[in-house]
Every structure is written in C-alpha cells, then in structure tokens.
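Structure assessment
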Amino acid sequence: MKDVDISIQNITKIEGHASLDIQVRDNKVKHVQLMFTENKRFFTQAIRGRSIDVLSQSVARICGTCSIAHTMCCIEGIEKALNIIPSEQTQVLKQLTMDGLMIRDHALHIYLFSLPDVFSVDSVLDFTPEHTHFLHDSFDIKRAGNKLSTIVAGRAVHAPFPGVGGYAQVPKKDDLKAIIPDLKLAREKLVGVLDEYYNCPVDYTRSTDFVALVGDKFDFLEGDIVSSDGDVVKEKDYFSHLEKNVVPYSQAVGYKFEGDTYMVGALARINLNKKGLHKDTKRDAKKYLRVFPSKNIFHNNLAQGIEIMHCIDHALETIESFDFKPEPKQTFEKKACEGVGVIEAPRGTLYYHIDMDSNGMVKEGNIIVPTQQNQINMEQDIAVLVERLLKTHSKEQIKYEIEKLVRAYDPCISCATHFLEVNWT
Amino acid sequence: MPTACNDKTLKRQIRLQTMTHKLALGWFSFSCCEDSTIVFTELLNDHFDEWSKVIDFQYIRILKKNNKIHNLDVAFVEGAIVSEHDAMKLKEIRKNCKKLIAIGSCAINGMPSAQRNTFDDGKKKEIEFLIEKFHLAEKVRTPGDIVKVDDRVMGCPMSEQAFLDVLNKTLKEFNIV
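Reading guide: rules and limits
Residues numbered from 1 in each chain as written. Chains lettered and ligands numbered in written order. Predicted model: local features only at pLDDT ≥ 70, side-chain atom pairs only at ≥ 80, totals over all residues. UniProt positions renumbered as here; feature names shortened; annotations may be inferred. Helix = DSSP H or I, 4+ residues; strand = E, 2+ residues; numbered from the N terminus. Rg over C-alpha atoms; globule rule 2.2 N^0.38 Å. Buried ≥ 20, exposed ≤ 12 C-beta atoms within 10 Å, placed from the backbone. Contact = placed C-beta atoms within 7 Å. Pairing = 2+ DSSP bridges. Axes fitted to C-alpha atoms, helices over the stretch in contact; angles between N-to-C directions. Core = buried A, V, L, I, M, F, W, Y, C linked by C-beta atoms within 7 Å. Domains from an automatic or database assignment. Parallel < 35°, antiparallel > 145°, perpendicular 65-115°, else oblique. Left-handed = near helix turned anticlockwise from the far one by under 90°.

The name given to chain B in an unreviewed UniProt entry is NADH:ubiquinone oxidoreductase-like 20kDa subunit domain-containing protein, with Candidatus Iainarchaeum sp as the source organism.

As annotated in an unreviewed UniProt entry, chain A is Ni/Fe hydrogenase subunit alpha from Candidatus Iainarchaeum sp. Comment text from UniProt for chain A, heading Sequence similarities (unreviewed entry), reads "Belongs to the [NiFe]/[NiFeSe] hydrogenase large subunit family."

1. Topic: the overall build of chain A
When you go through chain A residue by residue, the secondary structure sums to 15 helices and 15 strands. In terms of overall dimensions, chain A is globule-like: its C-alpha atoms have a radius of gyration of 21 Å, near the 22 Å expected for 425 residues. Here the C-alpha coordinates of chain A stretch approximately 65 × 50 × 35 Å along the principal axes. Counting across all 425 residues of chain A, residues that qualify as buried make up 56%. Partitioning the intrachain contacts of chain A with sequence separation of at least 6 by distance along the chain shows that 74% fall at a separation of at least 24.

2. Thoughts on the UniProt feature "domain: NADH:ubiquinone oxidoreductase-like 20kDa subunit" (unreviewed entry) in chain B
The positions UniProt marks with the feature "domain: NADH:ubiquinone oxidoreductase-like 20kDa subunit" (unreviewed entry) are residues 37-169 of chain B. Annotated as residues 37-169 of chain B, this span is 47% helix and 24% strand, and its ends, taken at the C-alpha atoms, are 20 Å apart.

3. Describing the sheet that holds strand 13 (residues 348-356) of chain A
All names here are of chain A. As summarised here, the arrangement of the three strands in space is 12-13-14, forming an open sheet in which the pairing is antiparallel. Single-partner strands in this sheet number two, and they are strand 12 (337-345) and strand 14 (362-368). Going from strand to strand, the sheet's axes swing by 10° on average, the running direction of each strand aside. Here helix 13 (residues 370-389) sits on the sheet and contacts strand 12, strand 13 and strand 14; the angle it forms with strand 13, its principal contact strand, is near 130°.

4. What about the interface of chain A and chain B?
Tallying the contact residues gives 33 residues for chain A and 34 residues for chain B. Looking at which element gives the most residues to the side of chain A that touches chain B, the answer is helix 6 (residues 132-153) of chain A, with four residues.

5. Quick word on the pairing of strand 3 (residues 72-78) of chain B
All names here are of chain B. Buried residues dominate strand 3, accounting for seven of its seven residues. As paired strands, strand 1 (residues 23-29) and strand 3 are joined by five bridges and run parallel to one another. Directly across from F28, in strand 3, lies its bridge partner V77. One ladder, built from six bridges, connects strand 3 with strand 5 (residues 97-103); its direction is parallel. Residue E78 lies in a different strand from strand 5, and its bridge partner there is I103.

6. Digging into the nonpolar core
Generally speaking, a soluble globular protein has its nonpolar side chains buried in company with each other. One finds I103 and I343 of chain A together with V77 of chain B to be the most contacted residues of the largest nonpolar core, which totals 165 residues. Domain assignment of the residues forming this core places at least three in each of domain 1 (4-39 + 386-424) and domain 2 (43-374) of chain A. If we skip the residues at most four places from it in the chain, I343 of chain A touches A69, M72, C73, E76, L213, F220, L221 and L350 of chain A.

7. Considering the environment of F119 of chain B
Its place among the elements puts F119 of chain B in the loop between helix 4 (104-108) and helix 5 (121-133). In this structure F119 of chain B touches Q45 of chain A together with K124 of chain B, once residues within four positions along its chain are discounted.

8. Some thoughts on the pairing of strand 6 (residues 209-214) of chain A
Residues in a regular strand project their side chains so that they alternate between the two faces of the sheet. Residues and elements named next belong to chain A. With five of its six residues buried, strand 6 lies for the most part within the structure. Across two bridges, the pairing between strand 6 and strand 11 (residues 262-263) is parallel. Its bridge partner lying in strand 11, F210 is registered against M263. Both strand 6 and strand 7 (residues 224-227) contribute to a ladder of four bridges, which runs antiparallel. When the bridges of strand 7 are listed, V214 appears paired with D224.

9. Topic: the UniProt feature "binding site: Mg(2+)" (unreviewed entry) in chain A
Residues and elements named next belong to chain A. On the UniProt side, "binding site: Mg(2+)" (unreviewed entry) is annotated at positions that read I367 and H418 here. Within the secondary structure, I367 sits in strand 14. Residue classification places I367 among the buried residues on the basis of 21 C-beta atoms within 10 Å. Sequence-distant contacts of I367, defined by excluding residues within four places in its chain, comprise T44 and Y352.

10. So, the sheet that holds strand 11 of chain A
Residues and elements named next belong to chain A. Judged by pairing direction, the sheet is mixed, and its four strands sit side by side in the order 8-7-6-11 without closing on themselves. In this open sheet, the two edge strands, each paired with only one partner strand, are strand 8 (232-233) and strand 11. Lying on the sheet, helix 9 (residues 266-273) is in contact with strand 6, strand 7 and strand 11; it crosses strand 6 at an angle near 75°.

11. Quick word on the UniProt feature "binding site: Fe cation" (unreviewed entry) in chain A
The sites that UniProt annotates as "binding site: Fe cation" (unreviewed entry) are C66 and C415 of chain A. With respect to the helices and strands, C66 of chain A occurs in the loop between helix 2 (52-60) and helix 3 (67-81).

12. Regarding the environment of D73 of chain B
Residues and elements named next belong to chain B. Within the secondary structure, D73 sits in strand 3. Taking C-alpha positions, D73 is 19 Å from A107, a pair spaced 34 residues apart along the chain. Each residue touching D73, except ones within four places of it in the same chain, is listed here: L23, A24, L25, C97, K98, K99 and F174.

13. A few points about unusual backbone geometry
With omega at 5°, the peptide bond leading from F292 of chain A into P293 of chain A counts as cis. If you trace the backbone, P293 of chain A turns up in the loop between helix 11 (286-289) and helix 12 (299-321). Looking along the chain, the bond that leaves M111 of chain B and enters P112 of chain B is cis, with omega of 10°. With respect to the secondary-structure elements, P112 of chain B resides in the loop between helix 4 and helix 5. Its identity as a non-glycine residue notwithstanding, D410 of chain A has a phi of 55°, on the positive side.

14. Notes on the packing of helix 8 (residues 180-199) of chain A against helix 12 of chain A
Residue and element names in this part refer to chain A. Where helix 8 meets helix 12, the axes come as close as 9 Å, and the angle between the chain directions of the two elements is 160°. Classified by the angle their axes make, helix 8 and helix 12 are roughly antiparallel. Taken as a pair, helix 8 and helix 12 cross one another with a handedness that is left-handed. In this structure, helix 8 uses I180, L183, A186, R187, L190, V193, L194, Y197 and Y198 to contact helix 12, whose residues at the interface are N301, L302, G305, I308, M309, I312, A315, L316 and I319.

15. Some points on the environment of L242 of chain A
Residues and elements named next belong to chain A. Relative to the elements of secondary structure, L242 occurs in strand 9 (residues 242-246). Using a count of 19 C-beta atoms within 10 Å as the deciding quantity, one classes L242 as partly exposed. Sequence separation of L242 and K147 is 95 residues, and the distance between their C-alpha atoms is 37 Å. In this structure L242 touches Y255 and F257, once residues within four positions along its chain are discounted.

In structure tokens, the structure reads:
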C-alpha cells in the first residue's frame, strides 16, 4: 500500500471516545492526528469561584473510572497550599485508597479491554471455554478492589470519605479484615493473566522517554518526578518543565517534558521504580519483572498487572499491621495561597495546581491529566507502527493493530476530554 | 390435537425459544464522566452469569467493537447532549429501541455536564471560540429534552439498586423472565 486513506471510527474498549486521522503517501505516514473528540465539559472554568470545601467532589466528576485519583490529587494540592500535613493514619488511608483504585481500574483494563487482543477476539464476551475463567478472574479482582475502596473511601466511584485534613470515616478493623480473603483470592487469580501478557509476543517497541513520580514506597502519592533521561524534578516545579502543545484537531492539549515526547503510566512507573515495589511482589513477580525496563508499550498491560499485585500486597500488610483508631479531621483556616498536588493516577502522572483566595474560593485551577501527556507519544508510536506494517498487512489488519496499541496505553478520554474515532485520509 | 411426538417437538421449540429469547440491550454514553458505565462494569462482577442467560449485549462500546444498534429492546443512555451531532445520534437510538432509559445525573438533569449553562458572561465569553470550533450547541440538554425517555435511574453515579430494579422490571416487561 503506497498511498492509503483509511477511516476507523469509534476505537472501542477504552475509557471515553476518540478518533484518528492517518494519511500515508509513498509509503510514508504524512500525518497522524489523534483526536479526543469528547465534548468539552469546561471544568477549568467551572471550578473557578468554587469553594475548596466541595472542590474534591466536583473534580471527581471529571472521570468515572479515575475519579478517586482526581479527588486525591485535588486534596493534596489544597493541603499543600494550606500547609496541612496529613496524620500518619490519614496517609495510610490515602495509600489504601490508591490501592483499591489501582486494583479495580487496572483489572478493568487488562482483562476487559486488552485481554481480547491477546486472544484475537473482539470481546471478553467472545472468550472460548478455555479462556472464560479469565472473565471470572477479572470479576474476583475487581470485586476485591471495589470492596477495599468502599470500606476505606466510602465508594469506588466518587468516593465520599477522603477530604482536606482527613477522612470523614475511619474504617472498622473488622470490616477491613473481612476483605482479606477477597484480596488473597484476587492475588491467586492474577498469576494467570500475568503469564498471558508475559508470553504474548506483541511488540510495539519504540525509543521514548518515561516519566513518573518516584518515591521509596511506590505509593502513587509521594516522591519526585523522575524521567528515564535522568531528570529529577520536585512536584511543585513539574509544570515549569512541561511544554504545552495545542493540538488543533483535538479537544485536548498535548504536552512534552523537557522538550521531548514521553510516556506516563504503569510502564513508566515500573521502568523507573521497580525496586520500590512491595517485597512479596518482587519475590513472586520476579520472572515478569525481568522484562523491565521495557520500551514495548504493550508491556504496559504487564506493568499494570504487577501493580495490582503490589497494591494487594501493600493492602494486606497494612490491614494486618496498622491499628486504625477514630480520628477527627484536622481543622484549618482558609487563606489566600496556592498549592500543587502531583500523584500517580492509574494511567500516569496527574497534576493539580490550585490558587485560592482568602475565603477558600478557587481563583484558578490547572489540571493536567496522563492521557494529555501521552497524546503526542501515542501519535508517534502509531506512525512508526503503520510504516512497519504497510508492506505486510492489510488495511483492516493495520487498523486492528492501531487499536491494540492505543488500548495498551489505556487512554482515558473522559479525563482528557471524552471521544475517540479513527479516520484515515 | 398435536400427537405426542408433535407435542414434544413443540415443547422443545418453546423451550429453545425461551432460552434464546434475550433482552437486546444497548448501552450508550454521551457527554459525562462515564461513572455509571463503570458502576455497570462493577455490577457484572456479581451478575454476569445470571445476565448472560437473559441479555444480549448488542451495543456496549466499552466491552466490544462489533456493536449493533438495530432492533434494540432497551437502550440505556448515559450523559448529556451537547451538540447537534449527539442529538442526531440520540434520535437514531430512539428510533431503534423499544424502551429508552436515562442513566445517571447528566442524563437526567444535565449536571455536571451542563455546568456551562450556568456560566456568567465572562466565562461564556472565554469558551465561546471552543463552542464554535467544535460545533457545540449553545445549551447543554438532557436526552429527555430531545426524545421520549421511558424510565430513569437517578444518581451520580447511578444507584446500583435503582439500576437493578429498572433492569428487572424491563426483563419482566419483555417477558424474558
């Protein structure tokens, strides 16, 4: 295929909608335009003038699947602005909240969205009898994450308990202990899918940079922003190292880090910080961890699976060892100030900058989500993939490979905006 | 009078028909955070085995690529309608389903997707060029503003129990259970 104009609409099995235009001339990709055509909901404008008392609940509505990440990052930004240092127990609850989110969210992606690509079927609904157990495994793992979120944060979607200065409710020890069997079952079930991704020959390798928040604890909450190029940046300075790229055809903007395109997400985290994983995970996932660092974007699936194991191990250890006690939320005085929150959401680094007035009303808010940061990198990966496949694959096969690649990134278009369709011209 | 043999055949046919007669279901998302879709995927954890016997998931973009919009028994619609393009798609869904159920806050009262409807003049001016560039409608509307909505599931995200109640009611209405 020397010249090709292809149109694919509605990339499926991703969170949200998007579309893609690709033009190939003389066997060269002339352009790849990944459009997040999800209609804007104007959260940046909407939060202006809103009280910090309700802000973390408002921004949770940016995204259904990563709502907890938005809540946690927003809280961190406000707390840093007001110099609120969370108590030890609050910090542990935050970590458990992130564990529940990662377990449920990653399981949704690696089983329901991407696993059909490993077995070359359309959907989990089409799994043959030899594979249907994976569907039930996914339910067991998602259920464990969901239960953990519900007990610790109040709900798996738009969690009501986390707030500025602490949690509205502290979980009961008995309730936490009751989910230990669910977590253990989930861990047991996980091994099967790790093997599938480990043995899967799909290869989307391309040299690129990886960026993630790296800390000693691998808790998705604290650390410095580190790149595979060796840059180390403090959370509060992250934005000044980003270069905003307006993407005229998309309802979202893209970003570069230190002038280069980059990838954020589980693959970046494991590439940059596998030594920080829980000791039990490092022991039992040893075989899979040898794959990293990896530049194969399809390994993002394997990295997410390893993170599920890490979160289960961390949650089990915490539940068994930490003595939770009733604790009131910290009180604080509102003042004119600004703060930055940076956390690792399931799909990568999430940034909140919040500027508020003396009454605690938001003057300005700047939110940068992982999928925006991955957008330019995804386009470059797609271009390389298409050129690699042009001579050997049919148009339909190339379309399918592109969708697999995009799905491996686990984009969240609701966060970046909300809509994905692919049009080749 | 059917013979014994014919009677047996008839019974088998009825049994087969009953077994294959499933609720043709479509799940559609417009502008929203898709929280109810996520709640739905969580409900699958405990209800998939039971639902797979009585529901044909004909259109559900989050789970499959080959989706069919035609001849749906029921369409669950999540999200608010922010453009003429979306309004047209919604009308197409309405034409192709017997029952349409609005799911979650954005599909019922528009919020928070409709928050731009309440912007002051300053904020409206700021977003004007984007409204124009991406051909968005001046006002965000709910599905009920555009087509007939037969039922509603409240909540942000949708209430799990309310969804189960509506689904079970629908299964009975279509004589599936």
